[in-house]
Number of protein chains: 2
Amino acid sequence: MSRQFLAEGLELSGGDYAIAGVVAVVALIALVIGYFLLKEVLATGQGTAKMQDIARAVQEGAAAYLKRQRNTLSIFGVVVFLLLFALPADDWNERIGRSIFFLFGAGFSFTIGYLGMWLATRANLRVAAASREQGGRETAMRVAFRTGGAVGMFTVGLGLFGAAVVVLVYTGHAPKVLEGFGFGAALIAMFMRVGGGIFTKAADVGADLVGKVEQNIPEDDPRNAATIADNVGDNVGDCAGMAADLFESYAVTLVAALILGSTAFGADGLIFPLIVPAIGVITAVIGVYITKARANESGLTTINRSFYISAIISAVLCTIAAFVFLPSSFAEFGPEYANDGNPAVIAFVAVLIGIVLAGLILRLTGYYTGTEHGPVKNVGKTSETGAATVILSGISVGFESAVYTAVVIGAAVFGAYLLGGAVALFAVALAGTGLLTTVGVIVAMDTFGPVSDNAQGIAEMSGDVDENAAQTLTELDAVGNTTKAITKGIAIATAVLAATALFGSYQDSITKALSGIGTTAGGVKSFIDTIVSPNTLVGVMIGAAVVFMFSGLAVNAVSRAAGAVVYEVRRQFREIAGIMEGTTRPEYGKVVDIVTRDSLRELATPGLLAVFAPIAVGFGLGTGALAGYLAGAIATGTLMAIFLANSGGAWDNAKKLVEDGNHGGKGSEAHAATVIGDTVGDPFKDTAGPAINPLIKVMNLVSVLIAPAIVQFSVGPDASFGVRLAIALVALAIIVVAIVVSKRRSTVISDSPASTQEPAKTA
Amino acid sequence: MSRQFLAEGLELSGGDYAIAGVVAVVALIALVIGYFLLKEVLATGQGTAKMQDIARAVQEGAAAYLKRQRNTLSIFGVVVFLLLFALPADDWNERIGRSIFFLFGAGFSFTIGYLGMWLATRANLRVAAASREQGGRETAMRVAFRTGGAVGMFTVGLGLFGAAVVVLVYTGHAPKVLEGFGFGAALIAMFMRVGGGIFTKAADVGADLVGKVEQNIPEDDPRNAATIADNVGDNVGDCAGMAADLFESYAVTLVAALILGSTAFGADGLIFPLIVPAIGVITAVIGVYITKARANESGLTTINRSFYISAIISAVLCTIAAFVFLPSSFAEFGPEYANDGNPAVIAFVAVLIGIVLAGLILRLTGYYTGTEHGPVKNVGKTSETGAATVILSGISVGFESAVYTAVVIGAAVFGAYLLGGAVALFAVALAGTGLLTTVGVIVAMDTFGPVSDNAQGIAEMSGDVDENAAQTLTELDAVGNTTKAITKGIAIATAVLAATALFGSYQDSITKALSGIGTTAGGVKSFIDTIVSPNTLVGVMIGAAVVFMFSGLAVNAVSRAAGAVVYEVRRQFREIAGIMEGTTRPEYGKVVDIVTRDSLRELATPGLLAVFAPIAVGFGLGTGALAGYLAGAIATGTLMAIFLANSGGAWDNAKKLVEDGNHGGKGSEAHAATVIGDTVGDPFKDTAGPAINPLIKVMNLVSVLIAPAIVQFSVGPDASFGVRLAIALVALAIIVVAIVVSKRRSTVISDSPASTQEPAKTA
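Basis of the calculations
Residues numbered from 1 in each chain as written. Chains lettered and ligands numbered in written order. Predicted model: local features only at pLDDT ≥ 70, side-chain atom pairs only at ≥ 80, totals over all residues. Heavy atoms only, no water. Helix = DSSP H or I, 4+ residues; strand = E, 2+ residues; numbered from the N terminus. Rg over C-alpha atoms; globule rule 2.2 N^0.38 Å. Areas by Shrake-Rupley, 256 points an atom, 1.4 Å probe, with all protein chains shown as cover. Lys, Arg positive; Asp, Glu negative; His and termini not counted. Charge placed at Lys NZ, Arg CZ, Asp CG, Glu CD. Least-squares fit on C-alpha atoms with pLDDT ≥ 70 in both. Contact = heavy atoms within 4.5 Å. Salt bridge = Lys/Arg side-chain N within 4 Å of Asp/Glu carboxyl O. Buried < 20%, exposed > 50% of the residue type's maximum accessible area, 1.4 Å probe, protein only. Core = buried A, V, L, I, M, F, W, Y, C linked by side-chain atoms within 4.5 Å. Phe/Tyr/Trp six-rings, centres within 6.5 Å; stacked < 30°, edge-to-face > 60°. Lys NZ or Arg CZ within 6 Å of the ring centre and 35° of its normal. Patch = residues over 30% accessible without salt bridge, like charges linked within 9 Å, V, L, I, M, F, W, Y side chains within 5 Å. Axes fitted to C-alpha atoms, helices over the stretch in contact; angles between N-to-C directions. Parallel < 35°, antiparallel > 145°, perpendicular 65-115°, else oblique. Left-handed = near helix turned anticlockwise from the far one by under 90°. Nonpolar A, V, L, I, M, F, W, Y, C, P; charged D, E, K, R; others polar. UniProt positions renumbered as here; feature names shortened; annotations may be inferred. Polar contact = N/O pair within 3.5 Å; in protein donor to acceptor, adjacent residues only side chain to side chain. pLDDT = per-residue confidence, 0-100.

Caption draft 1: Representation of the overall build of chain A within the structure. Regarding its fold elements, chain A presents 22 helices and zero strands. Compactness check: chain A gives a C-alpha radius of gyration of 25 Å against a globular reference of 27 Å for 763 residues, within 12% of the reference. Taken along the three principal axes of its C-alpha coordinates, chain A extends 80 × 55 × 45 Å. With the model as given, the accessible surface of chain A reaches about 22,100 Å², and the carbon-plus-sulfur share is 62%. Placing the 48 positive and 58 negative side-chain charges of chain A at their respective mean positions leaves the two points 3 Å apart.

Structure follows, in structure tokens:
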């Protein structure tokens, strides 16, 4: 429908250039504010020498991992760069721009991730140090939240700056170039989420299985050889992976809005989607600076308050912007559109839908994963009847919350769609930008979690923190569990909104390619089958299957890598005398090396699946099946992502409930049952779940990018079933080989000498 | 595409009548053979008086449950009967026939279920008795398999007879009447699957939690008050529920083939889909009679051999039938179809695809859930690192097997679709009938599981069976675990094939309704949106969400009902002196009553969700969204069903592996870990998983039935947004109320006096 405005052209007016320029400047200001926040964090006290020692080990481990990951991903990036260059484009300008900005997107995504990790590994030390001081709770909380604020500013600053520059430089070609930018960001973020997720949970699960379960020593005990790896993991997974993921969410949603905007309104449509997130930058700054802990309220209340205040400010400013910058009627696009509604009203309601959606997800997730509400209390209660009922009740919580969250997201999409009339898809994309106005605060909220968790780790390992300070850090950590779950909900919502919008872009791609060959609009209709075609239905099924496959691979990878950690930690306990007595230091570095190697090796299979499955389906079964595939992946992916995130969050906090003295407290059988639940939830919530968000976007963008090539080989002079089949088979072969290799690895590890030497427990 | 033959008319020729008559006679013969098999089973020895006592208690409990369920469902059936009557139809003949045959379908479904339970509760006693004799293994296996054979014969006999009668009586109106027949069968089967599934697992989980985990007494120990309920559960869930479910699979797949056949070929298309399952009856008889246990082979090998032999015979006979009964060219439908291929070849290859699909699912499921293959061995191995890794590895097995099974099913659909050319959907439906030729043997295989399981229970409780006989029964039980998983795989495959075919019927419904109002074919195209419409996408998401919701509700219902069992069994141990010493008999009947009451109460919510969700989506969001909804439900439902069935099967058999002496054997920590895995798997594989199959069909048939009404209120003279909205809101309100009521129940139970009196364990 929105394609009717296409003829409007994409020439920016002088005023448009000025606005885009202002947006770019706002983006730069965000980066500067981020720098000042960073300085402020670094200026706080660093605690005792012992604490600094531990922090340094974590810093080094994390940096070493990310450097090796950068090298691995560089190879992959170059290959994709070349493939991208080979794909059809309208002209050389577009083709070169798309590939260059693919590299920018990828580079920005990695940079944000690295920076998030770099700052977090410094901030946790400072949060731990602050907790020791008088009035430490407020300071600790401020440092933790400002750390997140800095990362948040860099995230929105780089995302907005990149998009504004593309619009300024490429104007008419901006949409195609933005596809490259978004794809680069999503691809690298997916790898960082998967790799970091495997790292953090392999180390965590491995450490817990030997430490807590077998040797009965507390979490973060320095005698456990996997503790440093566990802390490194929090930083490379929850900080680096998360920051890259949110940057990608930001960039791709913005890209989708700009692409759809230009389709709907021509050049005007490139400007308004830039204004909305620019407003988000301003409100994020306010949100970060107003967050002040009050003595008698929980940390979550403090954070929620900042969120709501900044969301309300965003809503007001966006409404003003809509009425200032948008026309009050579609009549200027032609008299026949005079009765299509008021663009300003459509835009501000759409943005509002996005902001309200963020608030609803915040509440829903808080309800299902917070310790003070029914669901987590109920999971805690089931610990009295053992681990099996804990698992079952957590799964129920996950299913239920996934359904409600998906229905809320679906309602937002449908609402924006109904509202939009002639510009329905653009309205959906604008709802996405509404969500984006909250990203700055969201990143700040999320970073809070791992920084507090690590601060607690450093405190525990150093032994230099008293009871009172430890209590503060534990409280912050529990708040972090919920904020982390909230972030995942918001991230997946951006995925759905962006993907729905990109669906339109997918159809555009096909229409354009077909019209290039001389096919009429009627031909286009039949080219994307209706959903009732078995063709499409099979696509839907395969799309859903890929989400299951990806989740299974990620969980499996964690199990395998955790197994390697278990054997190494057991070996150290057995072979190195004096560890248990605390007289000898375990070889922390060895475990870090093992996890680094394994997680980088393990990320290949799910990554290849994400990139090559749409290629196999698209070339093999056609554009209708590929559309079905995307729909299946989006729908199942949304539910699966929220299910995994929330059941994991509920188990983690149910454990915290028991540890707070309910149902028998620490050391009881109920506690053991919740520890099992938490361990199951670890790869759910921190590996498989969060990686589904970038997965959806990568698959969508791959589809948009390859659509013209599929059409080229399907109709017209170049039509060749042989070529299509060959491409599909090569893609399929890559996936199959990747899966077979990872299967074989599974066998190798379980048959390794370590495993046969060491079949039973050492405890 | 297939609609082009529609004008052919639906008058049966004399020869057609004769063939349909022969098919009806074959169906009756199947019933007679079933009767003789039943007689044979009942004629075998019944063991000791103590064994008969126990069996009688189980028989009475099961019969009482099914009678109460019948009363509950009767009310529901009458309401649906009236609603169905109110829906638009072409004429009164059709309208009355559809409603009457709805009752027949429902009645047959319940009858098969009741009969399955009735015979099974008698057969398990006889299997237990046979195991005590010389050469008992062969006899026991024969009795168990013949019991299944009898149920199988009744299943295919009644299904085929009903369909043949509808064709004979209604000819031209048969498709509409068959919709009613299939709907009745699917609806009742869904309720029996859900209710029986909740019963069996609530009793099982409750019995295990107190017996095995807390009191450390073996399974089926007569001191456990829940043992009789557990055995009753096996019969009402695994026998009654399963038999009704397979009857429904049979009926709906056949119905889909007949509807599509008549659309594609007119009257000729009503005959061939009857011939294929009639051949299936013949081969099933052969399969049941050739199944003879050999001394040195596993029970699974014996059963697989019968399956493969009967599948090969089916394939040969169907090929012959295709060439005898179908023309060799489409030319007779008009010269323009002369180059559309050979109908006989298309039909036989499609049927062959179905048969091969059954074989592939058998192998895949056997691989993923059998004790002798890698996956289960691997799950067993992870028991060494505790329950959490058992859960995670089982989940991975479930995800992985779901993906491969879904891909195989997708390939079958796509293959039949490509093959079919002008009659693509009919080819998909014919592949479904190919699957059906194996149903007789499949029912026999499946019934094998619960009968052996119960025989073991009776043997254990009576104490009248020696070591050797117990060994035989344990072996048969393990085989039963795999055959049960296989059946679920095949059942879900029939769901996909039938649903894909019914999709065509859905589109037909809309086309017809629109043409009644005077809309052209072009209008139809846009009436079912392409998949890229946000409208459709939201539908896909809600469809996927309903599957998650339904699964969550089912798992939750089991947890709640199991909780009630736990409190009651604990109460009896505490309050009734002498139970633990074996001097006093526990009050078995009380537990049976509790589970009966709870499971009948719990089945309402998921049942209402299944019926009213498509109504809410269809009237609220339109036919495009409803099509998307179905696609989402089919895709996610398939994956979820197989995931739940196979992870459950793998956990169960991993436990058996450990009990066979691996990884520390019975009583080890590894064993405890696998018991937790098995308990988690119980509601997965026996409640939520299998109920998804009838769920998919119920939702599909509801959609096909309401499609004309949606169109009526969307376009033309009766178009009214208000009416549509009102219907949608009423449907939504029913769902919301049902969910709220079941939520409230959850609170009531956990706050009950029993729970507060008894918060900690008694052990």
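That was the structure; now back to the text.
Caption draft 2: Structural detail: the relation of the copies chain B and chain A. Mapping chain B onto chain A calls for a screw motion: a turn of 180 degrees about the axis and a shift of 0.0 Å along it, with 0.0 Å RMSD after fitting. Taken together, these values place the two copies in the relation of a two-fold axis. A high fraction, 100%, of the interface residues of chain B reappear at the interface in chain A, so the copies pair face to face through one surface.

Caption draft 3: Representation of the pattern of salt bridges within the structure. This model, assessed by the stated rule, comprises 50 salt bridges over all chains. Among the salt bridges present, the one from B:R142 reaches B:E40, with a minimum N-O distance of 3.8 Å. Of this pair, B:R142 sits in helix α4 (residues 136-170) while B:E40 sits in helix α1 (residues 14-43), and the two are 102 residues apart along the sequence. For B:R142, a relative accessible area of 32% corresponds to the partly exposed category. Residue classification places B:E40 among the partly exposed positions, given a relative accessible area of 29%. Among the salt bridges present, the one from B:K201 reaches B:D682, with a minimum N-O distance of 3.4 Å. Here B:K201 is found in helix α5 (residues 174-215), whereas its partner B:D682 is found in helix α20 (residues 669-714), with 481 residues between them in sequence. Residue B:D682 is classed as buried on the basis of its relative accessible area of 1%. Here the salt bridges do not stand alone but share partners, grouping A:K201, A:D204, A:D238, A:K484, A:K488, A:D652, A:D682, A:K685 and A:D686 into one network.

Caption draft 4: Representation of the nonpolar core within the structure. Counting residues in hydrophobic clusters, the biggest one holds 577 residues, and the most contacted among them are A:F183, A:F272, B:F183 and B:F272. Other than its neighbours up to four places away in sequence, B:F272 contacts B:C318, B:A321, B:A322, B:F325, B:L326, B:A347, B:V351 and B:L430.

Caption draft 5: Up close: the packing of aromatic side chains. Per the stated rule, a full pass over the model turns up 46 aromatic pairs over all chains. Among the aromatic residues, those joined into a ring-pair cluster are A:F101, A:F104, A:F108, A:Y170, A:F181 and A:F247. Sitting over the face of the ring of B:W92, B:R95 holds its NZ or CZ atom 5.1 Å from the ring centroid.

Caption draft 6: Layout of a nonpolar patch on the surface. Nonpolar side chains collect at one region of the surface, where A:Y308, A:I312, A:V316, A:I320, A:V324 and A:F325 lie side by side and expose about 560 Å² of accessible area between them. Within the secondary structure layout, A:V324 lies in helix α8 (residues 299-325).

Caption draft 7: Looking closely at unusual backbone geometry. Of note in the backbone geometry, A:H663 takes a positive phi value of approximately 50 degrees without being a glycine. Turning to its location among the elements, A:H663 is positioned in the loop between α19 (623-659) and α20 (669-714).

Caption draft 8: A look at the packing of α1(B) against helix α7 (residues 268-290) of chain B. Residues and elements named next belong to chain B. Contact pair α1 / α7: the axes reach a minimum separation of 10 Å and the direction vectors enclose 25 degrees. By the angle between their directions, the pair α1 and α7 is classed as roughly parallel. Like other packed secondary-structure pairs, α1 and α7 cross with a definite hand, here left-handed. On α7, the residues touching D16, I19, A20, V23, V26, A30, I33 and L37 of α1 are D268, I271, L274, I275, A278, V281, V285, V288 and Y289. Looking at side-chain class alone, the contact of α1 with α7 contains 15 nonpolar, no polar and two charged residues.

Caption draft 9: Structural view of the UniProt feature "site: Determinant of potassium independence" (unreviewed entry) in chain A. All names here are of chain A. Under the present numbering, the feature "site: Determinant of potassium independence" (unreviewed entry) in UniProt falls on K484. With respect to the helices and strands, the residue K484 is situated in helix α14 (residues 467-517). Given the relative accessible area of 8%, K484 is considered buried. Not counting residues within four places of it along the chain, the set of residues in contact with K484 comprises D238, D446, G449, P450 and D686. Among the polar contacts made by the side chain of K484, one reaches the side chain of D238 at a distance of 3.1 Å.

Caption draft 10: Main features of the packing of helix α16 (residues 534-575) of chain A against α19(A). All names here are of chain A. Contact pair α16 / α19: the axes reach a minimum separation of 6 Å and the direction vectors enclose 35 degrees. Along this stretch, α16 crosses α19, giving a crossing that reads as right-handed. For the pair formed by α16 and α19, the contact residues are N535, T536, G539, V540, I542, G543, A544, V546, V547, F548 and S551 on the first element and G624, A625, G628, Y629, G632, A633, T636, G637, M640 and L644 on the second. Of the residues contributing to the contact of α16 with α19, the split by class is eleven nonpolar, ten polar and no charged.

Caption draft 11: A look at the environment of B:T500. One can find B:T500 in helix α14 (residues 467-517). The class for B:T500 is buried, based on a relative accessible area of 0%. Put simply, B:T500 and B:I634 are 134 residues apart on the chain and 8.6 Å apart in space, counted from C-alpha to C-alpha. Among all residues touching B:T500, those that are not within four sequence positions of it are A:P534, A:L537, B:V413, B:L425 and B:V428.

Caption draft 12: Looking closely at the interface of chain B and chain A. In this complex, chain B contributes 75 residues to the contact, which on the side of chain A involves 75 residues. Here chain B is connected to chain A by one residue pair in polar contact (both at pLDDT 80 or more). Sorting the residues of the side of chain B that touches chain A by element identifies α11 (387-420), α14, α16 (534-575), α19 (623-659), α20 and α21 (721-750) of chain B as the ones contributing at least two each. Among the elements that line the side of chain B that touches chain A, the one with the most residues is α16(B), at 18 residues. Grouping the constituent residues of the side of chain B that touches chain A by class yields 46 nonpolar, 20 polar and nine charged.

Caption draft 13: Region of interest: the side chain of B:D204. Residue and element names in this part refer to chain B. Following the sequence through the fold, D204 ends up in helix α5. What makes D204 buried here is its relative accessible area of 8%. For D204, the contacting residues outside a window of four places in its chain are D230 and D682.

Caption draft 14: The confidence of the model for chain A, seen in detail. All names here are of chain A. Of the residues in chain A, 93% have a pLDDT of 70 or more, and the chain-wide mean is 84. Here helix α22 (residues 753-757) is the element of chain A with the lowest mean pLDDT, 37, and helix α18 (residues 604-621) is the one with the highest, 92. Confidence drops under a pLDDT of 50 for residues 1-8, and excluding neighbours within four residues, the segment shows 25 contacts in the predicted structure. Reported confidence for the predicted complex is 0.88 by ipTM and 0.90 by pTM.

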